[in-house]
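Remarks on the overall topology
Letter by letter, the chains look like this.
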Amino acid sequence: MTGEQDQTVLLFFCVVREEWKKKYFETKKATVSLEEALNRLRQDVELYHQKLLLRLEARDSRKRPNNITNCKNYNIIQITTVQHELDQLRRKLDDAKMKLVIEIKMRKQAASDLRALRAELTQKKIHAALTLQSRESGI
């Protein structure tokens, strides 16, 4: 490759890298507002769950004479609690998966950037060596 081609390739890598950074930071800005909305919705769900449990417990605490009703209510409370815990575990799992996918993508991008920088460095070393050699042979 000639020096002009080397500079074109280096310029291309720089442009691609800058485009990627720009898209990354734009996406990151949008993600923050989406995460805030998600957290508000999760808090709402948590609040509704707590209200539901309070209502069920209040109904249970009325001490109805029918023991079957109390048993059914207790089972409903247990089922609701377990379902809520399962939902929380699923959310944690999904969050962990998402973080893992992001980490993998970031590692791949970092490895790609490293390869590009190493190639750029190698090209610059070769160019410097050729320039030095041509100066020495010209003297």
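Let me sum up the structure you'll find in this document. No experiment lies behind these values; they were computed from the predicted model shown.

Rules used throughout
- Within each chain, residue numbers correspond to sequence positions counted from 1 in written order.
- In keeping with the predicted nature of the model, local features appear solely for residues at pLDDT of at least 70, side-chain atom pairs appear and are counted solely at 80 or more, and the whole-chain, interface and lining totals rest on all residues.
- Side-chain measures here rest on the full set of heavy atoms in the structure, leaving out hydrogens and waters.
- Per the convention used, a helix needs a DSSP run of H or I reaching at least four residues, while a strand needs a run of E reaching at least two, with both numbered from the N terminus.
- Think of it in three bands: with a 1.4 Å probe and only protein chains considered, a residue is buried below 20% of the maximum accessible area for its type, exposed above 50%, and partly exposed in between.
- Note on definitions: a residue-residue contact is assigned when non-hydrogen atoms from the two residues lie within 4.5 Å.
- Using the Shrake-Rupley algorithm and a 1.4 Å probe, accessible areas are obtained, with residue cover drawn only from the displayed protein chains.
- In this analysis, rings of Phe, Tyr and Trp, with Trp reduced to its six-membered ring, are considered paired at centre separations within 6.5 Å, and the interplanar angle assigns stacked below 30 degrees, edge-to-face beyond 60, and tilted for intermediate values.
- N or O atoms closer than or at 3.5 Å make up a polar contact, with two conditions inside protein: a donor-capable atom paired with an acceptor-capable one, and, for residues adjacent in sequence, both atoms drawn from side chains.
- A pair is scored as a salt bridge if a Lys or Arg side-chain nitrogen falls within 4 Å of a carboxyl oxygen belonging to Asp or Glu.

1. Overview of the overall build of the chain
Secondary structure assignment for the chain yields two helices and zero strands. Buried positions account for 9% of the 139 residues belonging to the chain. Counted over contacts in the chain with a minimum sequence separation of 6, partners at least 24 positions apart contribute 67%. Here the chain displays about 12000 Å² of accessible surface, and carbon together with sulfur accounts for 61% of that area.

2. A look at the packing of aromatic side chains
Taken as a whole, this structure holds one aromatic pair when the rule is applied. Ring plane angle 75° and centroid distance 5.2 Å describe the contact between Y24 and F25, whose orientation is recorded as edge-to-face.

3. Some remarks on the side chain of T80
Among the secondary structure elements, T80 is positioned in helix α2 (residues 67–138). Polar contacts involving the side chain of T80 include one to the main-chain carbonyl oxygen of I76, which spans 2.8 Å.

4. Examining the side chain of H84
Within the secondary structure layout, H84 lies in helix α2. Using a relative accessible area of 9% as the deciding quantity, one classes H84 as buried.

5. Points about the pattern of salt bridges
Between side chains of opposite charge, a pair can form when the charged atoms approach closely. Within the structure shown, the criterion is met by four salt bridges. As a salt-bridge pair, E103 and R107 come within 3.8 Å of each other at their nearest N and O atoms. Residue E103 and its partner R107 are both found in helix α2; the two are separated by four residues, about one turn of the helix. By relative accessible area, E103 is classed as partly exposed at 44%. Between E120 and K124 there is a salt bridge, with its nearest N and O atoms 3.7 Å apart. Taken together, the residues E120 and K124, both in helix α2 and four residues apart, mark about one turn of the helix. According to the relative accessible area criterion, E120 is buried, its value standing at 13%. What makes K124 partly exposed here is its relative accessible area of 47%.

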